[in-house]
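Residue-level listing of the chains:
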Amino acid sequence: MMSALQQLRRRPILAAGAALAAAVASSPTAAVETLAFVVRGLLEVAPVVGVGLLLAAWVTASGVGDVTARLFRGNPATVVVIASAIGAVTPVCGVTVLPLMTGFLAAGVPLAPIMAFWLSSPVTDPGLFAATWTVLGPAFAVGKTVAAFALGLIAGAGTAALGATDMVRHPLRARRGAADPTCRAGPAPGYGPRIWQDPARMRVFRAELLWMARLVTLCLAGAFAAEHLLRDLLPPDIIASAVGSGSPYAIPVAVTVGAPLYLDGYAALPLVRGLLELGMAPGAALGFLVAGSAVSIWGVLAVVPVLRASTAILFVALAVAGSLAAGYTFEGFWALFT
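Residues numbered from 1 in each chain as written. Predicted model: local features only at pLDDT ≥ 70, side-chain atom pairs only at ≥ 80, totals over all residues. Heavy atoms only, no water.

Draft legend 1. Up close: the overall build of the chain. Across its full length, the chain carries 16 helices and 0 strands. Of all 338 residues assigned to the chain, the portion counted as buried reaches 48%. Here the analysis covers contacts within the chain between residues at least 6 apart in sequence; of these, 82% occur between residues at least 24 apart. Of the roughly 15,300 Å² that the chain leaves accessible, carbon and sulfur atoms contribute 70%. (Helix = DSSP H or I, 4+ residues; strand = E, 2+ residues; numbered from the N terminus. Buried < 20%, exposed > 50% of the residue type's maximum accessible area, 1.4 Å probe, protein only. Contact = heavy atoms within 4.5 Å. Areas by Shrake-Rupley, 256 points an atom, 1.4 Å probe, with all protein chains shown as cover.)

Take a look at the structure:
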């Protein structure tokens, strides 16, 4: 019988296989298009993800994660605010930073600041701020930035409030291999950034890099395939009527149904502008942008194999709650000042 560990390792493969099988069942053309989309997506994120993989492996092998863990065990409110502020202006997304966040968690960095950074960082950055200002106007640009910071605060505070639970204290799935100190010889105690001078640390570095690269590649392949298929199943014009200004469910629909439509920070802007022209409520538009950044379907599928089930549910719940809060708050300000 297949062990639980083997089942865990096969989940990303099964997800990618299921997505490809669905495309093949639909039509051979759809399968080719899905495969091409997956390859393009992997190539686009490869440079940033590659840097993240190298950093994550170095964090584990050098002991930087242990140092960071000690620094982030200070006042929870302070570290969450700092992590949220950094995330709101840092040009990374939840998936590209996945290896580094996983490395920090494996080293014992508390989940609260990690969650704050993880959810705030994809929403906006200086380049997206300028693009949003140009395409949607200054109100949306400023609103997204404030929403990113607020989302980090909500995520960090919510996680800290649950700090005594197992899903916060032990957020990563149990695994054997590179980062499990019970299953391989870890680096020497202490801090050693020059890992190339220590054969033991280099062995840890290579093992961690290989494990993380395999996991992230499989996760992203399945997530990109799912994103492509969902966009075909949920074209924008179908939900346009459900997120209009007259609908009391506009913001919840935009947050919970619109997220799978999210392409990326820049490609989403003309899509949202088109939906606004069709009558989309401003609050629903902002909620769509925030939720699509923080909890897009491919981002969620990427973290599911890494985080334990309860922690992944917490990740999604905090992102949805923060996105709803951002949407309703923005809608209120829009009605007040326009």
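Moving on from the model shown.
Draft legend 2. Just the nonpolar core, in detail. Among the nonpolar cores identified, the biggest contains 59 residues, and Ile-114, Met-115, Trp-118, Leu-119, Met-280, Ala-284 and Leu-289 are the most heavily contacted of them. It is helix α14 (residues 282-295) that contributes the most residues to this core, 9 residues altogether. Contacts of Ala-284, omitting those with residues within four sequence positions, involve Val-243, Ala-250, Ile-251, Ala-254 and Glu-331. Residues Ala-57, Ala-61, Ile-195 and Val-204 belong to the second largest nonpolar core, which totals 5 residues. (Core = buried A, V, L, I, M, F, W, Y, C linked by side-chain atoms within 4.5 Å.)

Draft legend 3. Spatial organisation of a nonpolar patch on the surface. A cluster of nonpolar side chains, namely Phe-129, Trp-133, Val-142 and Val-146, defines an oily patch on the protein surface of about 360 Å² accessible area. The set of elements that each furnish at least two residues to the nonpolar patch consists of α7 (126-136) and α8 (138-161). Within the secondary structure, Val-142 sits in helix α8. (Patch = residues over 30% accessible without salt bridge, like charges linked within 9 Å, V, L, I, M, F, W, Y side chains within 5 Å. Salt bridge = Lys/Arg side-chain N within 4 Å of Asp/Glu carboxyl O.)

Draft legend 4. Quick peek at the confidence of the model for the chain. Mean pLDDT over the chain works out to 74, with 65% of the residues at or above the 70 mark. At the low end of the mean pLDDT range in the chain sits helix α1 (residues 4-26), at 52; at the high end sits α8, at 92. Counting interchain partners and residues more than four positions distant, the pLDDT-below-50 stretch residues 1-10 has 8 contacts. Note on residues 176-189: pLDDT is under 50 here. Beyond four places in sequence and across chains, it has 24 contacts. (pLDDT = per-residue confidence, 0-100.)

Draft legend 5. View of the packing of helix α4 (residues 76-89) against α8. The contact between α4 and α8 brings their axes to 8 Å, and the two run at 145°. Crossing geometry of α4 relative to α8 is assigned as right-handed. Listed contacts from α8 to Val-80, Val-81, Ser-84, Ala-85 and Ala-88 of α4 are Thr-145, Ala-148, Phe-149, Gly-152, Leu-153, Gly-156 and Ala-157. For the contact of α4 with α8, the residue count by class is 8 nonpolar, 4 polar and no charged. (Axes fitted to C-alpha atoms, helices over the stretch in contact; angles between N-to-C directions. Left-handed = near helix turned anticlockwise from the far one by under 90°. Nonpolar A, V, L, I, M, F, W, Y, C, P; charged D, E, K, R; others polar.)

Draft legend 6. Local environment of the packing of α7 against α8. Direction vectors running N to C along α7 and α8 enclose 145°, while the axes themselves pass 6 Å from each other. From α7, Leu-128, Phe-129, Thr-132, Trp-133 and Leu-136 reach across to α8, where they touch Pro-138, Phe-140, Ala-141, Val-142, Lys-144 and Thr-145. Here the contact of α7 with α8 is built from residues that sort into 8 nonpolar, 2 polar and 1 charged.

Draft legend 7. Just the side chain of Lys-144, in detail. Examined against the element boundaries, Lys-144 turns out to sit in helix α8. When its relative accessible area of 0% is taken as the criterion, Lys-144 is described as buried. One polar contact links the side chain of Lys-144 to the main-chain carbonyl oxygen of Val-123, over a distance of 3.2 Å. Leave out the neighbours within four places in its chain, and Lys-144 touches Val-123, Thr-124, Leu-128, Thr-132, Leu-286 and Leu-289. (Polar contact = N/O pair within 3.5 Å; in protein donor to acceptor, adjacent residues only side chain to side chain.)

Draft legend 8. Up close: α8. Helix length check: α8 (24 residues) gives 34 Å between terminal C-alpha atoms against 34 Å at 1.5 Å per residue, within 8%. All of the buried residues in α8 are Phe-140, Ala-141, Gly-143, Lys-144, Ala-147, Ala-148, Leu-151, Gly-152, Ala-155, Gly-156 and Thr-159. (Expected span 1.5 Å × (residues − 1).)

Draft legend 9. Structural detail: the packing of aromatic side chains. A full pass over the atoms with the stated rule returns 6 aromatic pairs. Ring centres of Trp-118 and Phe-315 lie 5.6 Å apart, and the angle between their planes is 70°; this geometry places the pair in the edge-to-face category. In this pair, Trp-118 is assigned in helix α6 (residues 111-120) and Phe-315 in helix α16 (residues 309-337), connecting sequence segments 197 residues apart. This pair shows no difference in class: Trp-118 is buried, exactly as Phe-315 is. (Phe/Tyr/Trp six-rings, centres within 6.5 Å; stacked < 30°, edge-to-face > 60°.)

Draft legend 10. Quick look at the side chain of Thr-311. Relative to the helices and strands, Thr-311 resides in helix α16. In this structure Thr-311 comes out as buried when scored by relative accessible area, which is 0%. When sequence neighbours within four positions are dropped, the list of residues in contact with Thr-311 reads Leu-111, Met-167, His-170 and Pro-171.

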